[in-house]
Each structure stands twice: as structure tokens, then as C-alpha cells.
Amino acid sequence: MYLYSEGRGTSVTGTTETLEERARGLLPLRPPVLEILLTLGEGPLHGYAIIQALRDPDGADLHVETGPLYRHLRRLLDSGLVSQSEEPPPGTEDDDRRKAYYALTPLGRAVVRAEGARLAGLVRETRRLGLLAEGGSP
Amino acid sequence: MTRLYRLLLRLYPLDVRARLGEAMAETFDEEWSEVRERGAAARVLFALRTLVRTPLLALEEWRRGGVGGGGLGAWITDLGHAVRAIRRSPGFSLATALTVGLGVGATVSIYAIADATLLRELPVLEPDRLVRVAEERSRQMSVGPEGPRIPVERYQLLREALTGPVFSDFAGHNRRTLSIRADGPPFSATGELTSGNYFRVLGLRPAAGRFFTTDDEPSVVLGHRLWRSRFGGDPGVVGRTVSIGGRPFTVVGVAPADFASTVGFVHIDFFVPVGAHESAGWPGARLTLFARLAPGQELEVAETRTAAVMTRFPPEGDPSAEVLGAELAPMSPTPPSLAGPLKRFLTMLFAMAVLVLLIAGANVAGILVARAARRERETAVRLALGVGRGRLARQWMIEAVGLFALGGLVGAGIAVAVGEGLSRLSLPLAGEVTVDAVPGLGALAFAMGVATLAGLVFGAMPALHAARSEVAPGLRDGARGTSRRSSRVRGLFVTAQLALSVVLLVAATLFVRTAHRSMTADAGFDPEGVVVAQVNLRPHGYSEDEGRRFYDRLVAEAGALSEVESASLASLALMTGEISSYGGWRLGPDDEDVSIRMNRVDGRYFETMGIEVTAGRGIGPEDGEGAPRVMVVNRSFARRFWPGENPVGKTIFRHDIPYEVVGVTPDGRYVDFGGSTSAFAFLSADQHYTERMTLHLRTRPGAAPTELIRAVRERVAAIDPDVAVVQAIPLTDAMATLLFPQRFAAVLIGVFGLLGLFLAGTGVYGVLAHHVVRRTREFGVRIALGAEPGRLLGMVLRRAVVLAGVGAAVGVAFAAAVTGFLASLLLGLSPYDPVAFVGVPLLLGVVALAASALPARRILRLDPVEALRRE
């Protein structure tokens, strides 16, 4: 089930489940959600830094704009994959401070891991069928 | 934009806003500042996307909240329904939003211009306590752009008498163009000569440094815009010395950023105390007056008391100019002399923009009616399921208002883009004129209000239409029932659109014809290829001998330039709005003095300007300083003083000095495009020295004016590095500037009209196509029974002709009723110009026929078997 179906995220927050089980319950992720989570993999970022990180490699165009980005962030916050903090990550200059920073929660990390493993499985299966060469190109 | 986004964020539910609002606003700001770097197109697209998308995202957050049940819940459900309906057909929604957006954008743009020029208050302390003060005289000696002017000494007398009981403070000012020199070459700038208390009366605070306090300290306050553009916004400029008109002035301060001048749209570059200007050796200035009313003082009382003081002091100079009283008027950002015409012009444009909005509204309403007819089955099902008719109508209303509101957002975006474009445009009218017409929050709220109102008005018809649907027939077959009625309603909307388009196009055609006629009419001279450059030596302290030498050298050097065929000097350039009249002329000792418009020219002027001398000779080199005074007159002049006689050889006196008429020119348009030609005379410049001259250069074919203008500036700077060319411009450009209102109106209304016509054309197509589809089966039967397709075609085309005919007739009648109001802008063209009133309906006919081509083809290709098998 996509992360976007409301309520599903909370229904799996039963106390007996492990972090991994809860994470698997949230899969698969929609591509932009996975991308946002991946940008946070290196450490906390503020909103505009996420937008910059999500840019096309050639930097030509904005990939996600403010409004849609925060729609994703709101959902990720609600389902406990991301946390929000006013404290900047260490090493931020004082005149470069922002209102809010976003970071992966342990559940968020588990979800990224699980999704990565799932995708890796899909890639292996694609290779096995001979549809994808070893180097990556079809 | 960032302010607007914060406003849009308020649409989000409170919990989301509390948690993410600030972070979103901040991220948006950073995103916007990056988008701004990428040029106008990216900016507009981004703004439009944001304006449309943000409310939808906010609504989504509300829906997540899962409000249910009656009351507000039902509204939110309906809202959700509307949003789904809007998103389900994005093409249709985008088209309607764009259509409405164009109408709203047009309206808001004009509103923003009116706001910037007429409605907004001056950015000064308590502007409602400021008044313009003018002396009423039996004859005004001097009138400036902001009202009558009086000598400085007289102002000082009045100030002494009036400050305290009537005014808490009383200031005077006068605009003057002077050359400034800081580090680089000199440039010409618009300055304000002010009384020392000017800024105190306005209640302003300097952006840097201080303001001056006395009438005569040799200091200058820079205008904020000049400070930014020429001094890089460096506060360190305070204390530096700049040269103004060749004299040193110390920069003491910078005017605040939002203050352009006492006229909302004129940017003053620098302010100098009027006394310092005088003590620099320049001739006495005259001042226009304004004052701050004393606390508790009322305007009428102040006016009476001011009049009492003014009449006590006898006027300067001519004793016949008796002081009659005083006139006090609230200080609006547009001076009274301009406010009237500007108001009329903007009201006219606003009315045209409202027509566009009506066309757009009618267009969308027509489409909504058609859509309601198509969605009959859906409506019937919902009625059968027990949804109330009121609720149904409400859902349709919400959908319509939603579409119009989207249009409002698009319109706001368009208005912002137009405003930004306009504010970058500066007009070389009296001084530098810039209209800061970027819509503020007020204008944007106005946009949304207009759009919502239009949604309510134009959504009502389709909503009622839908609510009146019958259940049974709607379920039985999807296409009959109310279709006939809906098609009639649509026809009505299309006719209205056509009629309104006719009004717009007639108005636009009138303006195009006016501009074209004015530019191509025989002006009595040949402006093509003439470049004019104005130089003013008055502030530079030249004696008459020095001045004559300066101009002799300038015209000789300019004439030697390779691009120049002929060079000449005259005191003013024709057809640039400049007028100079001289009084004191009389034929005999017993006649009354009259005042005549004239120009002082040198020996090569007639040749350079291509003015024909039909009898006698032109002004020549023999008419020098010591020679007998001569003049060349135009036909009107000759008719006025010597009707039926040959004027050559006649004599006329000015202050008892005889002038001999040596030549005659045809009547030409010399001052402006409007009205009739009047008496005009050319005097010899050598016999009437003036410090202000305009160099006239006729270029050789193919010479580039910009190159030439640069060369002229270099020559002037080579003769005296302090002297700047006030204005250098091809004469045809200067003339076109005079026609700016007409050209602006022609382009704007023309675009409006063509858009309207295009929309109306799609409307005609829609109605006919619908008509053909609805009757396909019937036509099939008829063809099967042997009817000629041509006859059926006639039936459809007749409908097109009726639509276009009624639309054109109503439109022409409407246009004839309103174009009379445009007469003052048409410069002599009849407001019932046949070209406009015949041409536009013809164009309408062509569009209607083109719109019926596709439906017609469908009939001609109708296969009866296919037609009967349908349904």
C-alpha cells in the first residue's frame, strides 16, 4: 500500500510489531517520497536544501516546489518517518539558520532500508530474466 | 509575491499552519529568489503555478481533516466535489481559468494604474492635511505642471503672513531640468528647486544624512532612485560635492525610498534650495505652493483667510494681473490639471476592461450551460437518489465560482506581470514618468472579489439550469430534454459576446485610425530623418556673447558630422508639446495687444525641417543682430491680420519695434495633433537670443539616429564638459510620444477586442456544432428522404448569420452610444468613423462564417445510414 493512503501508517503502529515489520508495512514508497527520504539520509536539512538536493542532475529545473514538498513532509511527519526540529545540525553558521530542519527518525531509516532491499530484489529479478545487463543499461 | 504567498498560506488548516507555516514561507522565499534570477517567463509561470496550486493543496489538507455531517461539512463535501469536477477536466478548467483570467487581469491592471496615479495617497505624513495653494488672478503669469507659480520673494512674503494661524508650514517648489556631474560625464536630471522647509512640510525622514533647513544653503538632497542608480546606494555620498549646472553643491542627504515627488508618477532626481539656485547667479525662479493646514484649521476657512492675505500684496510685474483670491485643494498625487484627463482616460480603459470581463464571463457561462446539458444524466441520477435541487444548484454554483476564482488567481498573475512591465517602462513626458502599477494587496483582493462576483453572476444561469432538470427524461436518454433550452441560452450568451466584441473593436479601430491619421497627415514639415537635441545654457552662467559663440560652434560642428545633411538651430522643436507664445503684438498704435505662438529660427531652419516658403523668402543669414527685424508667417497668421491681401512686405509691431513680413509658409500642425491650426510666426534667432536652443539635424538616408545622438553629446561635452544635452531624440519619436494615450489605448483595446472576438468565435462554433450534433438523426432522415444537403446547410448557416447579425447590430448600436465619450481623444476623427463602424461588423461576419465551417462540413459529409444508426 502506498504511504499516501491515510490511516494505514497508524494502523500498523501496534506495540508488538518490530521497527522492521512496521517499516515493511509502509512499502512500497512513491518515488518522490523515497527521494525525499534519501536526501535526508546524509543528515538533517531545511526545506529549501531538500528542494535543491532533489533537483535534476543538470540543475535545469525545480523538481519539487514548496507546496508539494510540504505536503509530503506533513505526511511523513504524521506517519513518524521524519522529525522536525528548530535546532540546526552541528556546523551551521549562525547567519545561515532556518526556521525548521527535517531529519529521518529511526522508523524513517528502517523504511528507507526496507524499500532499498525491496528494490534491490526487483533489480536482481530483472537481471535474472536477462532484461537488464550487469552494468545497468538494458 | 512573498507577501501574497503568506496570504495564501492562510487557506491552510490552522494545525498545519501552526506546525509548518513559517518553514513553508521561508522555503518559498528562497525558492522565489532563485526563480527571479531566471527571467520573466520563468517568473510568470512559477507565479501562476503557485497561485493555482496552493489553494488546491490547502483544500486537500482540509479534506484530510475529514469534516463530515451537515452544515459546514456539506459545504466542504461540495467544495471537494467541485475540486474533483474541476480537476477531472483540466483542459476545460485551464481554458476557462485563462479566459476569466484575461478579463480579470485587464480589469485589475487598469485598477492598479488608477490606484498608482489617482487613488493612492502621497507617501507623506498625514497627507489629508496638505493642500495645494494657488493665487487666482485675472491673468496667470506662469503656470507650472503642478499649478500657477509666483516669484520667490512673493512666496516668502506670503509665508511670513500665513504661517501660524492658517498654515502650520508653507512650502514652495518648482521643477527644473539641469545637468549634474559627479564622477563621469554630465547627465541631465530632473530637479526640484524647493523652499528650505519643503521636506518638513511633507513630514519626511531622510533615507541617509539630513534635509536642508534654509532657503539658500548650497546643498543638495538626492532622490532615492538617482542615489541607487548613479551612486550605488552608498550612504558615504553624504558630504561629497557634485556639480549641478556647473556649480558645486554638497550632498547632505537622500530622500526616502517611497517618495518620488509630490506627483505620484514623476521621479525627482535631486532637490536644491531655491535660494542656493538663485545665489549661483541664475535668474529668479517661480514657485508652486503647497502647505500643511494648522491644527484644527478647516479648508474653507483657510481659503478665505489666505485670499485675504494674498489680495493685500499687489502682484509683481504687470499690474493688469490683479489677484482675485486663493484656491486651496487637497494634495492628491495627481495635479489638478492632469487629474481630469487622466481620470477620463482611465475610466474609459476601465470600462473597456470590464467589457472584456463580461465577454469572458459570458463565454464561460455559455460553456457551463453546455456542460450542464451534457451532464444531464449525472444530474438526473443524483436527483433520483434524493439530492435536493437546492443542494444541486449550490454544487453547480460552487463549481462555477471555483472556476472563476481560479481565473481570478490567473488574472492576478497577469496583472502582476503587466504591472512589472509597466513600471520598467519610463516615458519621456515632462520629466521622467514611471507608473509603479504593480498591484498591491488591495488590487489583488479586488481581483478575487471581481472574479468571485463574476462567478456568482455567470454561475447562476447554469446552476438554475441544472437544478430545473427533469428526472425521468434525463434518465431515459442523455441528450434531449433541456437541450433545446440550453442551446437557446447559449445563443444568447454568444450574441452578447459578439456585441461586446464589436464595441471593443470599434473603439480600438478608432484609436488605430487616430494614431495613423495623425502620424501620416501633412504636418507642414517633414519630420522623417530629423533628430532634435535640446541644450540649455541658462544654469551655466553664459553671457549672451559666450552663448552665441557656443551655439555657433555647436551648429557648425554638428553640421560637419558625416551623417548630417543639414543642421540648424531653433528655440523649440515643433510637435513635441512645447509652446511658446509672445504677447505685445499690434498692427497699429490703437489696436489691442495680442499674443502669438512663435519659434525663433536660424537661416537653415526651413531647409532642415522641409518647410516650404510659398511666397517671399525664409529667414536668412542677412537677418542678423543689427539688421531690421523680420518674420515669416503662416497662412492663418496672414488671414488673421491682412485678410485677402499679400502679407509679404507688411509690418507689425511688438512693443513699438516694427517687424517686416518677408515670407509665408503653409498652415502646418506645429504644436500638437488636436484641434485646428492657428496663427504662427518664425522670428530670426539671431535677432532674439535665448539661452535655450534645440539643435535640428536632418540626417542623410541610412544614418542611425542613436549613433548621431551619441556624436552630438560628445560635441557638446567637448565644448563645455559641464553642459548636458537635455533631450536628444528623433523628431518622429517625440511626435509619437504625444500620441502615447491613443497608441496605448489602440494596443490595449485592440488586444482586448481581438481576444473577445476569438472567444465569441469559439462560442459561435460551440453553438453550431451542438446544433448539428443534436439534429444529426433528423438531418439523416431528411437526407434519406431526398433533402438536398445544401438546404440543410442553409439552415445551419442561417443560424450563424442570425447570431452574427444580431450581435453586430446590438454591438454597433451600443458602440454608437458610447464612442461619443472618446471624441476628446480622437483628435478630430469622427467618433462615428465609417471605417470602424462598417469594417468591424464585416470582420465579425467573416469570423462567424469561419466558425461555422466545421459544423457545415459535417453536414455535407453526413452519411444518412450512419446518422440513423446512432443513438
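This one's a predicted model, so the numbers in the text were calculated from it and none came from an experiment. (Residues numbered from 1 in each chain as written. Chains lettered and ligands numbered in written order. Predicted model: local features only at pLDDT ≥ 70, side-chain atom pairs only at ≥ 80, totals over all residues.)

Student: Which residues make up the overall build of chain B, and what are the values?
Tutor: Check the secondary structure of chain B and you find 27 helices and 26 strands. Expressed as a percentage of its 871 residues, the buried residues of chain B come to 44%. Contacts in chain B between residues at least 24 apart in sequence constitute 82% of all its contacts with a sequence separation of at least 6. (Helix = DSSP H or I, 4+ residues; strand = E, 2+ residues; numbered from the N terminus. Buried ≥ 20, exposed ≤ 12 C-beta atoms within 10 Å, placed from the backbone. Contact = placed C-beta atoms within 7 Å.)

Student: Please set out helix α25 (residues 834–851) of chain B residue by residue, giving values where relevant.
Tutor: All names here are of chain B. With 18 residues, α25 should cover 26 Å at 1.5 Å per step; its first-to-last C-alpha distance of 26 Å lies within 8% of that length. Turning to α25, its buried residues are A836, V840, P841, L844, A848 and A851. Around the axis of α25, the buried residues are gathered within 115 degrees of arc, so they sit on the same side. Exposed residues pointing more than 90 degrees away from the buried face of α25 are listed as P834, V838, L842 and V846. (Expected span 1.5 Å × (residues − 1). Arc of directions from axis to C-beta.)

Student: Pulling in residues and values, what's your account of the environment of B:L759?
Tutor: All names here are of chain B. For L759, the position within the fold is in helix α22 (residues 740–774). Looking at L759, the number of C-beta atoms within 10 Å reads 24, which means it is buried. Considering only alpha carbons, one finds L759 and L498, 261 residues apart in sequence, at a separation of 8.8 Å.

Student: Now, about helix α20 (residues 705–719) of chain B: what can you tell me, with residues and values included?
Tutor: Residues and elements named next belong to chain B. For α20, spanning 15 residues, the distance from its first C-alpha to its last is 21 Å, which sits close to the expected 21 Å at 1.5 Å a residue. When we look at burial in α20, the residues that qualify are L708, V712, R715 and V716. Buried residues of α20, viewed axially, fall in a sector of 95 degrees; they line one side. Counted as exposed and oriented over 90 degrees from the buried face of α20: T706, E707, R710 and A718. Tucked into the core, α20 has its buried residues touching β16 (530–536), α17 (544–559), β25 (692–699) and β26 (725–730).

Student: Summarise the packing of α22(B) against helix α24 (residues 789–818) of chain B; cite the residues concerned and give the values.
Tutor: Residues and elements named next belong to chain B. For the pair α22 and α24, the least separation of the axes is 10 Å and the interaxial angle reads 150 degrees. Relative to α24, the element α22 is oriented roughly antiparallel. Between α22 and α24 the crossing geometry is right-handed. Residues V764, V767, L768, H771 and V772 of α22 lie in contact with α24, whose contacting residues are V796, R799, A800 and L803. (Axes fitted to C-alpha atoms, helices over the stretch in contact; angles between N-to-C directions. Parallel < 35°, antiparallel > 145°, perpendicular 65-115°, else oblique. Left-handed = near helix turned anticlockwise from the far one by under 90°.)

Student: Lay out the confidence of the model for chain B with the relevant residues and their values.
Tutor: All names here are of chain B. When the pLDDT values of chain B are averaged, the result is 83; 92% of them are 70 or greater. Highest mean pLDDT in chain B belongs to strand β17 (residues 564–570) (94); lowest belongs to strand β14 (residues 426–427) (56). Here residues 66–70 scores under 50 on pLDDT; set against residues more than four positions off or in separate chains, the count is four contacts. For this predicted complex, the interface confidence reaches an ipTM of 0.82, while the overall pTM sits at 0.68. (pLDDT = per-residue confidence, 0-100.)

Student: Tell me about the environment of B:A400, residues and numbers included.
Tutor: Residues and elements named next belong to chain B. One can find A400 in helix α13 (residues 389–424). With 36 residues separating them in the primary sequence, A400 and V364 have C-alpha atoms 8.9 Å apart. Apart from the residues within four sequence positions on either side, A400 is in contact with L368, G455, F458, G459, P462 and A463.

Student: Tell me what's going on with the sheet that holds strand β3 (residues 101–104) of chain A, and back it up with residues and numbers.
Tutor: All names here are of chain A. With antiparallel pairing, three strands are arranged side by side in an open sheet as β1-β3-β2. The open sheet is flanked by β1 (45–46) and β2 (82–85), the only strands paired with a single partner. Judged from the two bridges that link them, β1 and β3 form a sheet pairing that is antiparallel. Paired with L45 across the strands is Y102, a residue of β3. (Pairing = 2+ DSSP bridges.)

Student: I'd love a proper account of the pairing of β16(B), names of residues and values included.
Tutor: Residue and element names in this part refer to chain B. The element β16 is largely enclosed, with a buried count of seven among its seven residues. Of the two faces of β16, the one holding V530, V532, Q534 and N536 and the one holding V531, A533 and V535 are both buried throughout. Alignment of β16 against β25, held across seven bridges, turns out to be antiparallel. Within β25, the residue paired with V531 across the bridge is L697.

Student: Residue-level account of unusual backbone geometry, with values.
Tutor: Cis geometry is found at the peptide bond from A:L27 to A:P28, where omega equals -10 degrees. Among the structural elements, A:P28 can be located in the loop between α2 (19–25) and α3 (31–39). Positive phi is not limited to glycine here, since B:E126 has a value of about 35 degrees. Checked against the element boundaries, B:E126 lands in the loop between α5 (90–119) and β1 (130–137). Overall, B:E126 belongs to the exposed group, with 11 C-beta atoms counted inside 10 Å.

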